Amino acid sequence: MTDVVLRNISKRFGSVEAVRDLSLSVNDGEFVVLLGPSGAGKTTTLRLIAGLEQPDSGSVLIDGEDVTRDPPGTRDIAFVFQQYSLYPHLSVYDNLAFPLRSPARRVPERLIKKRVEQTAELLHVSSKLKNSATRLSGGEMQRVAIGRALVRDPAIYLMDEPLSSLDAKLRAELRLELKRIQIELGATILYVTHDQVEAMTMASRIGVIRDGKLLQLGSPREIYENPADSYVASRLGTPPINFLPAHLVPDVAMPDGTEMLGIRTEHLEIGKRNGGTLVGRVHRVEHLGEQNHVHLEYKGKMLVTLADPHQPVDAGEDVELRLKHPLYFDAAGRRIPAVIQ
Ligand SMILES: Nc1ncnc2c1ncn2[C@@H]1O[C@H](COP(=O)(O)OP(=O)(O)O)[C@@H](O)[C@H]1O
Ligand SMILES: [Mg+2]
């Protein structure tokens, strides 16, 4: 069963093409993450699904039904906004109960109580139910904001960078919890973010979006290992992928048409000089505990790779580089399949 389908959706604001011919399906129980920088069209895509914006062309289907022209209130979705959207004068309990108390839904108080308590437990805020919403930490507020969506059981949850305002530690914690909750509830989620770690850790599938265009859609592993182009390759990976013009490595075998090599840290090994032609000079070694980042220069290009902390390598030293199955890109930045292995 497919839950939400976008068919060739386009939306412009004046001269800005916010979303361009975007097609996407989010299947039942799937956690799809749209990953893109600020201004890529992520929020607009969610607002189009929610009915808060109307597309210029294309259609939105929920559970097989075309809802493109339906008002937001009739669509079976729940939206978590980027900013906390709590009612400050209400208690945590009443904030969680609010979406269920709409006159249209007519949920009995007894059922509301059950649902609120279950949700509070899921989000570890049971002890805060009587607090006023203003007397919560940032992390608790965001949990309650997510809870306001989770009390309902919609066809899809739309989440707009819900963790972006939190500090790194809390973000890491809620990332894990959100994934746990999604699995527990079997929820269908479309989540948008600019954070590659959120995308890699939570998504069943990642859609990489830029300038309103969906560039590639696939599992985190597919996107990481088989990027369609150099932009997609650059979106995932820490430290980021290195790019090296092919003409700088004339002795390396590569497919016809290769203009650029994409070299992730795992594609670049360094060692003592041993007669090879690829020689770089180490500029800086960052000690990060379990691994070292080695920044080196090769023919005027800066590259970064990882090294074992026990491997003795110092700034100023010349080292030999070994490329292990890098990615190949043509002049337009499109990926060329590696026929040479
Ligand atoms: N209501 C609006 N009026 C005019 N331009 C808008 C409006 N909403 C979004 N945009 C523009 O559309 C583009 C995509 O915006 P948005 O969907 O908010 O991106 P993201 O959420 O990925 O940061 C941006 O260039 C933004 O300035
Ligand atoms: Mg946004």
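What counts, and at which threshold
- Residues numbered from 1 in each chain as written.
- Chains lettered and ligands numbered in written order.
- Predicted model: local features only at pLDDT ≥ 70, side-chain atom pairs only at ≥ 80, totals over all residues.
- Heavy atoms only, no water.
- Domains from an automatic or database assignment.
- Contact = heavy atoms within 4.5 Å.
- Buried area = accessible area lost by both parts, 1.4 Å probe.
- Salt bridge = Lys/Arg side-chain N within 4 Å of Asp/Glu carboxyl O.
- Helix = DSSP H or I, 4+ residues; strand = E, 2+ residues; numbered from the N terminus.
- Nonpolar A, V, L, I, M, F, W, Y, C, P; charged D, E, K, R; others polar.
- 1 Å grid on protein atoms, 1.4 Å probe; cavity = no way out; pocket = protein on both sides within 12 Å on 5 of 7 lines; lining within 4 Å.
- Points joined across faces, edges and corners; volume = space filled by probe spheres on them.
- Buried < 20%, exposed > 50% of the residue type's maximum accessible area, 1.4 Å probe, protein only.
- Pairing = 2+ DSSP bridges.
- Near = heavy atom within 4 Å.
- Polar contact = N/O pair within 3.5 Å; in protein donor to acceptor, adjacent residues only side chain to side chain.
- Areas by Shrake-Rupley, 256 points an atom, 1.4 Å probe, with all protein chains shown as cover.

Some details on the domain arrangement of the chain
The assigned domain composition of the chain is domain 1 (4-235) and domain 2 (242-336). One C-alpha centre belongs to domain 1, the other to domain 2; they are set 39 Å apart. At the interface, nine residues of domain 1 touch eight residues of domain 2. Interface area for domain 1 against domain 2, summed over the two sides, is near 710 Å², with a carbon-plus-sulfur share of 49%. Sorting the residues of domain 1 by area buried against domain 2 places Tyr224, Ser230 and Ala233 first, and these three jointly supply 56% of that buried surface. There are zero salt bridges connecting domain 1 and domain 2. Elements that contribute at least two residues to the side of domain 1 that touches domain 2 include exactly helix H7 (220-225) and helix H8 (230-235). At three residues, the largest contribution of residues to the side of domain 1 that touches domain 2 is made by H8. Along the lines of polarity and charge, the residues of the side of domain 1 that touches domain 2 split into four nonpolar, three polar and two charged.

Section: the layout of surface pockets
The calculated volume of the largest pocket comes to roughly 580 Å³. At the level of elements, strand E6 (77-80) and helix H4 (138-150) are the ones that each hand at least two residues to the lining of the largest pocket.

Considering the side chain of His267
With respect to the helices and strands, the residue His267 is situated in the loop between strand E12 (260-263) and strand E13 (268-271). Using a relative accessible area of 10% as the deciding quantity, one classes His267 as buried. Not counting residues within four places of it along the chain, the set of residues in contact with His267 comprises Gly262, Arg322, Leu323, Lys324, His325, Pro326 and Leu327.

As for empty space enclosed by the protein
Under the defined criterion, the tally for this structure stands at one cavity of 30 Å³ or more. Leu244, Val249, Ile263, Leu268, Leu278, Tyr298, Leu303, Leu321 and Leu323 together form the lining of the largest cavity. Class assignment for the residues of the lining of the largest cavity results in nine nonpolar, no polar and no charged.

Side note on the pairing of strand E14 (residues 279-287)
Summarising the sheet, E14 and strand E17 (residues 318-323) pair through three bridges and their orientation is antiparallel. Note that in E17 the partner of Arg281 across the bridge is Asp318. Pairing between E14 and strand E15 (residues 292-298): six bridges, direction antiparallel. The partner of Val282 across the bridge, within E15, is Leu296. As consecutive antiparallel partners, E14 and E15 are separated by four residues, and within that stretch Gly289 has a phi angle of approximately 95°, a positive value.

Examining the pairing of strand E9 (residues 205-210)
Looking at chain direction, strand E3 (residues 31-35) and E9 are connected through four bridges and run parallel. Its bridge partner being in E9, Leu34 is matched across the sheet by Gly207. The pairing of E9 with strand E10 (residues 213-218) spans five bridges and is classified as antiparallel. If you follow Ile206 over to E10, its bridge partner there is Gly218. Where E9 hands over to E10, the hairpin turn is made up of two residues, of which Asp211 adopts a positive phi near 45°.

Some points on the site of ligand 1
The immediate surroundings of ligand 1 are formed by Phe13, Val16, Ala18, Pro37, Ser38, Gly39, Ala40, Gly41, Lys42, Thr43 and Thr44. Contact distances for ligand 1 include 3.1 Å between an oxygen atom and a backbone N or O atom of Ala40. For ligand 1, an oxygen atom lies 2.8 Å from a polar atom in the side chain of Lys42. A total of 560 Å² of accessible area belongs to ligand 1 in isolation, and the protein chains cover 60% of it. For the shell around ligand 1, the secondary-structure elements that each account for two or more residues are strand E2 (16-27) and helix H1 (42-50). If one sorts the elements of the shell around ligand 1 by residue count, H1 sits on top with three residues. Grouping the constituent residues of the shell around ligand 1 by class yields five nonpolar, five polar and one charged.

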